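Survey of secondary and tertiary structure
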Amino acid sequence: MNALRIAVSGLHRGENPQPGAGIIRSLRRQYPHAYIAGLIYDAMESGIYVEGGPDAIFPMPYPTNGAEAFLERLDTILAQSPVDIFIPTLDSEVELLVHLKDELAKRGLRTCLPEKAALAQRAKNRLGALANTCQVMMPETISVHSVAAAVWAARKLGYPLMVKGQYYDAKYAGNEAELASAVSKLLSEWGAPAMLQRCIHGPEFNALGLGDGEGGIAGLCCIRKTIVSDKGKGLGGMTICDKRLTGICQRLIRELRWRGPFEIEVMLDEARGEYALIEINPRFPAWIDFPSMIGANFPAALVEMIATGGPAAPLPECPAGHFYLRHQVEVHGHIDQLAALSTSADFSAKL
Amino acid sequence: MSTPLSEIMLNDKGFAFDPATGESFQLSTTGLEIVRALRDAPDRDAALAKLIAEFEVDENTARRDIDQFLSSIEKIGWLP
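Report follows, based on the coordinates.

Procedures and definitions
- Residues numbered from 1 in each chain as written.
- Chains lettered and ligands numbered in written order.
- Predicted model: local features only at pLDDT ≥ 70, side-chain atom pairs only at ≥ 80, totals over all residues.
- Helix = DSSP H or I, 4+ residues; strand = E, 2+ residues; numbered from the N terminus.
- Rg over C-alpha atoms; globule rule 2.2 N^0.38 Å.
- Contact = placed C-beta atoms within 7 Å.
- Nonpolar A, V, L, I, M, F, W, Y, C, P; charged D, E, K, R; others polar.
- Axes fitted to C-alpha atoms, helices over the stretch in contact; angles between N-to-C directions.
- Parallel < 35°, antiparallel > 145°, perpendicular 65-115°, else oblique.
- Expected span 1.5 Å × (residues − 1).
- Buried ≥ 20, exposed ≤ 12 C-beta atoms within 10 Å, placed from the backbone.
- Arc of directions from axis to C-beta.
- Left-handed = near helix turned anticlockwise from the far one by under 90°.

Turning to the overall build of chain B, a few remarks are in order. Check the secondary structure of chain B and you find 3 helices and 5 strands. Helices (α) and strands (β) of chain B occur, in sequence order from the N terminus, as β-β-β-β-α-α-α-β. For 80 residues, the compact-globule formula gives about 12 Å, and the C-alpha radius of gyration of chain B, at 12 Å, lands near that figure. Taken along its principal axes, the extent of the C-alpha atoms in chain B is 35 × 20 × 20 Å.

Let's shift gears to the interface of chain B and chain A. Bring the parts together and some accessible area is lost; that lost area is often taken as the interface size. The interface is formed by 7 residues belonging to chain B together with 10 residues belonging to chain A. Considering only residue class, the side of chain B that touches chain A consists of 5 nonpolar, 2 polar and no charged.

Attention shifts here to the packing of helix α1 (residues 29–40) of chain B against helix α3 (residues 59–75) of chain B. All names here are of chain B. Taken N-terminus to C-terminus, the directions of α1 and α3 make an angle of 90°; their axes are 10 Å apart at the nearest point. Classified by the angle their axes make, α1 and α3 are roughly perpendicular. Within the contact between the two elements, α1 uses Thr30, Gly31 and Ile34 and α3 uses Asp65, Ile66 and Phe69. Looking at the contact of α1 with α3 residue by residue, the classes come out as 3 nonpolar, 2 polar and 1 charged.

The next point concerns the environment of Tyr167 of chain A. Residue and element names in this part refer to chain A. Along the chain, Tyr167 falls in the loop between β6 (161–164) and β7 (170–173). Taking C-alpha positions, Tyr167 is 24 Å from Gln250, a pair spaced 83 residues apart along the chain. The contacts of Tyr167, once residues within four sequence positions are left out, are Asp91, Ser92 and Trp190.

All names here are of chain A. The terminal C-alpha atoms of helix α8 (residues 176–190), which comprises 15 residues, lie 21 Å apart, in line with the 21 Å expected from a rise of 1.5 Å per residue. What α8 keeps buried is the set Leu179, Ala182, Val183, Leu186 and Leu187. The arc that holds the buried residues of α8, viewed along the axis, is 125°, so those residues lie on one side. The exposed set on the far side of α8, more than 90 degrees from its buried face, consists of Ala177 and Ser188. Where α8 is buried, its residues contact β5 (141–144), α7 (147–157), β6, β7 and β8 (194–198).

With that out of the way, let us pick up the packing of α7 of chain A against α8 of chain A. Residues and elements named next belong to chain A. For the pair α7 and α8, interaxial distance at closest approach is 9 Å and the crossing angle is 140°. Compared by their axis directions, α7 and α8 come out oblique. Judged by the sense of rotation from one axis to the other, the crossing of α7 with α8 is right-handed. Contacts between α7 and α8 involve Val147, Ala150, Val151 and Ala154 from the first element and Glu176, Leu179, Ala180, Val183 and Ser184 from the second. Residues that form the contact of α7 with α8 fall into these classes: 7 nonpolar, 1 polar and 1 charged.

Next up, the structure:
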């Protein structure tokens, strides 16, 4: 397995961290000699410059630029520096790549992606139906296509409420003015619909895992968010073992027959004493390297799954009582690297 | 959310961790002894007898302490 050549995206680790840098760190634990290419969208992604980071860096066009531009760029990269495995880490990449499985296979690039139908089934505007099927509680949610419709819907839900973009971002709205501003912004940034959701009061819990595509889960790590930033990011988490949460995850993944990495976000509705489903993300979360530190290396298991074409060996359990804290450090770069990454579409930065 | 008392992780200084919720608590000395007695004894009466014998308290005091403690842990979702 030492000859593994893996591409990983999403290397930013700042205020709003992406999973790629944590994935690379986990891969280095298991496969220290693997060749790792970082696919980036911005020269300021901090994981580019970290010690033990990628062996090479390749700027990419945004997935929203379309399949043709994305594949064309991949072709250039593969010709210059072949990789066998691609681990996408951004929702927008997964949304694009599920339609390009054949194109990727033709190029000898192996991935682990969910089926198109499964990806659509966990989309924010269809999550309620999935939750119903799996007997999971979800806060009452209404899709809206305009500010006027949002104001009308909010009268039914009551304030405060959460407003969610179609693909990303969520804003708190305590009154009609805040609602109008939030809906207007989210519709312009992410398109319609936006979702209005009844506010839940209680602690937040996340579960990360790896689905085998047959309805099973190769491993699961559940945490309670112990420190939450003002943007809702988990700056700290504690592993927990609650059969009710595990059961919810198992039911959802079984129904979706999910293949590949996932993160399930829930909140404990303190008023009802029940978990409420908030979101299912089609990728690993930014805290992915934490379970690797306690013996459950999900990125390594994913690579094994892709490399062998079979199911991953079951991952060890993550026992309750382990915690992580997000720890910020500075990384060093030089203006020459920044210039190269910013000005050349073909640049491969061996760091 | 209810966690059986037997599953609560506890150290000898009374630091308690609920593995199902991820919450931690600091028990008083009395609370720690009551938890130990409830976990070790087969039932509540046996726990009461154990506390009376070990700490030389009268039955009313021991019973009141247990009742108060059980009322507190019920609020945080622990099952005796």
